[in-house]
Amino acid sequence: MNETLAKHHANGIYPLPPLPKLKGPFKGPKPKDFGCYLDTLQREDFFFIRFLFVGLGTWLMNDEFSDADFDEWIRKNDLSHE
């Protein structure tokens, strides 16, 4: 997290307020990139995670699945707000 913040600050971007008590190094291995976890998901699991992220106001992309597939999954699981 500190690496990402430093990179953004170097570009004049301040995505988070200062976190004065957050200090590293953190114990344990550095986690894999989030995309690595998404690549291992099956279609249904990926759509469920995508649905949760949409609720948070963001979007997850995967070239293997079209928006029409996702919309069909929403209808099939009765998650539509229509």
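In this text the structure is predicted, and so the values were computed from the model without any measurement.

(A) Region of the structure containing helix H3 (residues 43-55). Taking 1.5 Å per residue as the helical rise, H3 with its 13 residues ought to reach 18 Å, and the 18 Å between its terminal C-alpha atoms agrees with that figure. Listed in full, the buried residues belonging to H3 are Phe46, Phe47 and Arg50. Down the axis of H3, the buried set is contained in an arc of 95°. They therefore lie on one face. Looking at the buried residues of H3, the elements they touch are helix H4 (67-76).

(B) View of the packing of aromatic side chains. Going through the model one piece at a time under the given rule, you end up with eight aromatic pairs. Ring centres 5.7 Å apart and planes at 40° place the aromatic pair Phe34 and Phe53 in the tilted group. Within this pair, whereas Phe34 is found in helix H2 (residues 34-39), its partner Phe53 is found in helix H3, the two being separated by 19 residues in sequence. Taking the relative accessible area as the measure of exposure, Phe53 reaches 26% and is therefore partly exposed. Taking 6.0 Å as the distance between ring centres and 55° as the angle between the ring planes, the aromatic pair formed by Phe47 and Trp73 counts as tilted. Linking Phe47 in helix H3 with Trp73 in helix H4, this pair joins segments that are 26 residues apart in sequence.

The rules behind these values
- Residue numbering note: each chain is counted from 1, following its sequence as written.
- Per-residue local features are limited, in this predicted model, to residues with pLDDT of at least 70; the limit for side-chain atom pairs, both in listing and counting, is 80 or more; totals at the level of whole chains, interfaces and linings are taken over all residues.
- Side-chain measures here rest on the full set of heavy atoms in the structure, leaving out hydrogens and waters.
- Helix and strand assignments come from DSSP, with helices taken as H or I runs of at least 4 residues and strands as E runs of at least 2, each series counted from the N terminus.
- One fewer than the residue count of a helix, multiplied by 1.5 Å, yields its expected span.
- Per-residue accessibility, obtained with a 1.4 Å probe over protein chains only, is compared with the maximum for each type, and a residue is labelled buried under 20%, exposed over 50%, and partly exposed between these values.
- Picture the helix axis, draw a direction to every C-beta atom, and the arc is the one those directions span.
- Only heavy atoms enter the contact rule, under which two residues are in contact if any of them lie within 4.5 Å.
- Each aromatic pair joins two rings of Phe, Tyr and Trp (for Trp, the six-membered one) with centres within 6.5 Å, and gets the label stacked for planes under 30 degrees apart, edge-to-face for over 60, and tilted for any other angle.

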